[in-house]
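# Fold and contact review
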Amino acid sequence: MTIGRSQRTRRDFLRGALATAVALNADLGIDASETVKAPNIVFIVADDLGYADVSCYGRPDFRTPHIDSIAAAGVRFLQAYANSAVCSATRTALITGRYQYRLPIGLEEPLAGRPQIGLPPEHPTLPSLLKSIGYNTTLIGKWHLGTLPKYGPLKSGYDHFYGFRGGALDYYSHRNGAGDDLWDDDVPLHQNGYLTELLGARAARVIDAYARVHKPFFVSLHFNAPHWPWEAPGDETESARVAKSNSGLFDVDGGTQKTYQRMIEAMDEQIGHVMAVLERNGLRNNTIVVFTSDNGGERFADTWPFTGRKTELLEGGLRIPCIVSWPARLPQGVRSEQVCISMDWLPTLLAAAGTSPDPAYLPDGINLLPVLGRNATPVPRKLFWRYKANAQRAARDGVYKFLKILDNTFLFNVVEDPLERANLKERLPDIYKQLTHSWLEWNSTMLPEVEESYTHAFSGKELADHYGAKAPDGKPDNPRPVVDK
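Thresholds applied
- Residues numbered from 1 in each chain as written.
- Predicted model: local features only at pLDDT ≥ 70, side-chain atom pairs only at ≥ 80, totals over all residues.
- Heavy atoms only, no water.
- Pairing = 2+ DSSP bridges.
- Helix = DSSP H or I, 4+ residues; strand = E, 2+ residues; numbered from the N terminus.
- Contact = heavy atoms within 4.5 Å.
- Axes fitted to C-alpha atoms, helices over the stretch in contact; angles between N-to-C directions.
- pLDDT = per-residue confidence, 0-100.
- Core = buried A, V, L, I, M, F, W, Y, C linked by side-chain atoms within 4.5 Å.
- Buried < 20%, exposed > 50% of the residue type's maximum accessible area, 1.4 Å probe, protein only.

## Observations regarding the sheet that holds strand β7 (residues 217-222)
Spatial strand order, β6-β5-β4-β3-β7-β1-β8-β9-β2-β10: 10 strands in an open sheet with mixed pairing. Edge positions in the open sheet fall to β6 (187-188) and β10 (334-341), since each of these has one partner strand only. In the sheet, strand β8 (residues 287-293) pairs with strand β9 (residues 322-325) via four bridges, with the strands oriented antiparallel. Residue pairing across strands places V289 opposite S325, the latter belonging to β9. Most of the contacts of helix α3 (residues 87-96) go to strand β1 (residues 40-46), to which it runs at about 165 degrees, and overall it touches β1, β3 (136-142) and β7.

Dropping the structure here:
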């Protein structure tokens, strides 16, 4: 497909930055005479973390004090969604600010074994747009948006990269299903240690170094935790067992609730080290810190009060913890009912930095800054999803959600009925018809599903609570909008 390009100059960027900064100050009630300094940004993504897997979202059996401290110093979203129920599709939306289905890589659920597919280097991204206005940019952790030689973090806006390119990595051997996959920029790296701790330590060192050059920075810290294989600190023996398993890293016979807990606690500890470095360098006040997940939780996750999990468009597969803190500009200790989604972060963070998206690639997400005030009124959202496995479709408009799985269709009030139990489609036929029509209209503007794209869903063979569920056939389903006569 042909991708358009923007020809904006640096002067255009600076003009847009000034206008955006003035608008931002007005949105947040800040005196326009106050000096505007571009904020640093630390964007932390957990992998397969359930909505209630951290204590500030209700996890009852252990604490995550450092993640909780970000919430105490910022805004905690109660209605945050992932763009997809799997990782690489959501990461496409996160980095581009657009529905992932606009790009071939966004059709992968997730990206697996297709080296010709990846994030086009010419597509503007959150790091590339920040880099163009003077930000230093680094990705630490998971990429999963295409492999060398065609694709990679350094080709899509990051100055530096330390982490892995695939979808999963053993926490000790640092191998994926195909071989070693730990990198320092584009150089393979062999390093001993527990992956979560290595990522946290590198993030702390990078921030420490950036603090000395007095330029704004954007650090993406994308943990593998708590994604399988289920290995906590000290589990080198389990790593060796997984390496010999017939299931490979997928680790269907591994893990326990206790192991999962220790994996999250290890991630929380590393986040604490990162926050301490910001404090030590006097950067915390003017640093935006975002903490979120790429999709809903997997087999050991706590997704209460929702049903469903990763690979499913039920709320448990899409609802995620999401926290933003910026002490210099945002209120602290606030809970927000604003509906938001992963692709909102590109326009939001660009606005905070004083710039705007490339007009040739207008975002589908929105700038959330105007609704982050203490007494801000949530703005209405209309959001759409699809997932090829089991022909899943979903749309949310206000409190209502349309959901389709195979040939079964539903209408739920997900505010009053977050478990998605009471099917209202017969009771509220007009709303059901309106939402299904909206989904069809939206879907007609996206790339069609294709047979060759990968998709995954859990079957009864893999998870006992999915008894009767069969492996998906991977066939595309491309319905056309109904033309009203």
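## What about the confidence of the model for the protein?
Caution applies to low-pLDDT regions: their predicted coordinates should not be interpreted in detail. Per-residue pLDDT for the protein has a mean of 92; in total, 92% of the residues score no lower than 70. Here residues 1-35 is modelled with pLDDT under 50, and outside its nearest four sequence neighbours on either side it reaches 53 contacts, counting other chains as well.

## Comments concerning the nonpolar core
By size, the foremost hydrophobic cluster in this structure holds 61 residues, and its most contacted members are I207, I271 and F291. Elements represented by at least two residues in this core include exactly β1, α2 (65-72), β4 (160-164), α5 (195-211), β7, α7 (257-280) and β8. Looking at which element gives the most residues to this core, the answer is α7, with 10 residues. Setting aside residues no more than four positions away along its own chain, F291 makes contact with I44, A46, L49, V54, I67, I70, M267, I271, P321, C322 and I323. Counting 46 residues, the second largest nonpolar core, distinct from the first, contains A80, L126, Y135 and A352.

## Things to note about the sheet that holds strand β13 (residues 400-405)
Ordered in space as β11-β12-β13-β14, the four strands form an open sheet in which the pairing is antiparallel. The sheet is open, and its two borders are formed by β11 (382-387) and β14 (408-413), each paired with just one other strand. Averaged over neighbouring strand pairs, the angle between their axes works out to 10 degrees when direction is ignored. Sheet analysis places β13 next to β14, joined by six bridges and oriented antiparallel. Within β14, the residue paired with I405 across the bridge is N408. On the sheet, helix α10 (residues 429-443) packs against β11, β12 (392-397), β13 and β14 and is oriented at approximately 70 degrees with respect to β11.

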